[in-house]
Amino acid sequence: MSLNSIVSAERPHIAFFGRRNAGKSSVVNAVTNQKISVVSDTLGTTTDPVQKAMELLPLGPVVIIDTPGFDDEGALGALRVERTREVLRKTDIAVLVVDGCVGLTDADKALIREFDERRLPRLIVYNKSDLAGSAVPAGDGEIAVSALTGEGIEALKERLSVIVRDEEKEKRIVADLIRPGDTVILVIPIDGAAPKGRIILPQQQTLRELLDHHASVICCQPEELRSVLAGLTKKPALVITDSQVFGRVGRDTPADIPMTSFSVLFARYKGSLEGLMRGAQALGTLKDGDRVLISEGCTHRRQCGDIGTVKLPAWIEGFSGAKPVFTFTSGGSFPDDLSAYRLIVHCGGCMLNEKEMQFRQQAADAAGVPMVNYGIAIAKMNGILDRALEPLLRKD
């Protein structure tokens, strides 16, 4: 599998944690055979998480993350530790690097407990085996290495590859909803918000999966859908639309043709569909002054008519008949305290991995705040949510 064939959000995220000067960054560099992180004897050299998507044999495509020492001190150190804790939200496999000459400290043990509470697969790596010798433990879930000499590094990669294979799940965006030979129509608006010369990631991933599954795919813009349908001699198995044009596509697609959206498919793909369906019910209960968080997982230049900051607030006001107060976040930003919000409206999360999306859903659930994604919210506000969910529920 080539380096470019899997986007970062779909790669296993392997994060390296450890106290300052445990040799964490040296181990990362040895594992990747690259100078991903700066190495120094000075405490706290790694000041921010360093993330790199790469092909790492025998693991395959992964994202490697090096984090600041979680025992950093002072006001600035506290900020670095907080950045390290944020990485835990998207970590698929946690690697704790321990100074083999010192052994497990109370701080190390506390972090292991946090891994276990989050049910993260983990591996404890005792570095500096060349100095510690036989004093280094090497039991189940542990391995001794020397980043300096390379001893144990290949074994470490093999151990990580086993964990990756054990954690891999067979997931499908849409292929399980159709059969080889079916025709599927993708409705993709090309407007001022569309990226020049390309289509957005959920559309790319859906198209590729359909082609891999030997479906015939027709891509069109919303205004072309009726003529495309009229020209077919056989009904398509499914129509998948961009959520922004849900209303029009719902009207133009005959009732006997299954229809859904990229956002609805990705809600299921990221494992949060059931919770987001519950969140849709809160849209009609909003009152004047209620705080609504609109959160996007990517960072992009805001344009006139931007869906997150312009279209959705207007649609929500029109649907609810209320004037909520909207707050906006993007990228890795997501509030720690959600208690002030009445509703969270999140993007489809195509740029976030499954762990991060599930963390956000769980954080909302823990705060008692309903959460819905763009596509499900738009379907609800257009009165076609049941229809958009029907292809998925029919499969189940």
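**Digging into the side chain of Thr253**
- Mapping Thr253 onto the fold places it in the loop between α8 (246-252) and β10 (259-261).
- At a separation of 2.8 Å, a polar atom in the side chain of Thr253 contacts the main-chain carbonyl oxygen of Val249.
- Not counting the four nearest positions on each side in its chain, Thr253 is found in contact with Leu225, Leu229, Val239, Met259 and Arg387.

**Re the pairing of strand β4 (residues 93-99)**
- The buried fraction of β4 amounts to seven of the seven residues, a majority that puts the element mostly inside the structure.
- Note that strand β1 (residues 13-18) and β4 share five bridges and pair parallel. Directly across from Gly18, in β4, lies its bridge partner Val97.
- For the segment spanning β4, helix α3 (residues 106-117) and strand β5 (residues 122-127), crossover handedness is right-handed.

**What to know about the side chain of Lys24**
- Within the secondary structure, Lys24 is located in helix α1 (residues 24-32).
- Only 2.5 Å separates the side chain of Lys24 from the backbone oxygen of Thr67, close enough to count as a polar contact.
- For Lys24, the contacting residues outside a window of four places in its chain are Phe16, Phe17, Gly18, Arg19, Asp66, Thr67, Pro68, Gly69 and Val97.

**Thoughts on the packing of aromatic side chains**
- By the definition in use, this model includes two aromatic pairs.
- With 5.5 Å between their ring centres and 55° between their planes, Phe17 and Phe115 make a pair best called tilted. Here Phe17, found in strand β1, pairs with Phe115, found in helix α3; they are 98 residues apart in sequence, far enough to count as distant. Exposure class is identical for Phe17 and Phe115. Each is buried.
- For the ring pair Phe266 and Tyr269, a centre distance of 5.6 Å and an interplane angle of 70° mean the geometry is edge-to-face. Of this pair, Phe266 and Tyr269 both sit in helix α9 (residues 262-269), three residues apart, roughly one helical turn.

**Concerning the sheet that holds strand β12 (residues 325-329)**
- Reading across from one edge, β12-β11-β13-β14 is the order of the four strands in this open sheet, with parallel pairing throughout. Each edge of the open sheet is held by one strand with a lone partner, namely β12 and β14 (371-373). On average, each strand axis in the sheet is tilted by 20° relative to the strand beside it, whichever way the strands run.
- Across five bridges, the pairing between strand β11 (residues 291-295) and β12 is parallel. Bridged to Ile294 within β12 is Phe328.
- Packed on one face of the sheet, helix α10 (residues 273-280) meets β13 (343-346) and β14 and runs near 105° to β14.
- Helix α12 (residues 354-367) contacts β11, β13 and β14 of the sheet and is inclined by roughly 145° relative to β14.

Reading the values: rules and limits
Within any chain, residue numbers begin from 1 and follow the written order of that chain's sequence. Restriction of local features to residues with pLDDT of at least 70 applies here, the model being predicted, together with a cutoff of 80 or more for giving and counting side-chain atom pairs; totals for whole chains, interfaces and linings are based on all residues. For side-chain calculations, the full set of non-hydrogen atoms in the structure is used, while hydrogens and water are omitted. Numbering of helices and strands runs from the N terminus; a helix is a DSSP stretch of H or I covering at least four residues, while a strand is a stretch of E covering at least two. Between N or O atoms, a polar contact is any pair within 3.5 Å; within protein, one atom must be a potential hydrogen donor and the other a potential acceptor, and residues adjacent in sequence are included only when both atoms are from side chains. Whether two residues are in contact is decided by their heavy atoms: any pair within 4.5 Å suffices. Any residue under 20% of the maximum accessible area for its type is buried, any over 50% is exposed, and the rest in between are partly exposed; the area is computed with a 1.4 Å probe on protein chains only. Being paired, for any two strands, means DSSP has found at least two bridges between them. If you view a crossover with the strands going away from you and the path from the first strand over the helix to the second runs clockwise, you call it right-handed. Centres within 6.5 Å are what make two rings of Phe, Tyr or Trp a pair, Trp counting through its six-membered ring; a difference in plane orientation under 30 degrees is then read as stacked, over 60 as edge-to-face, and the rest as tilted. Only the stretch in contact is used when a helix axis is fitted, and all axes are lines through C-alpha atoms; the angle between N-to-C directions ranges over 0 to 180 degrees.

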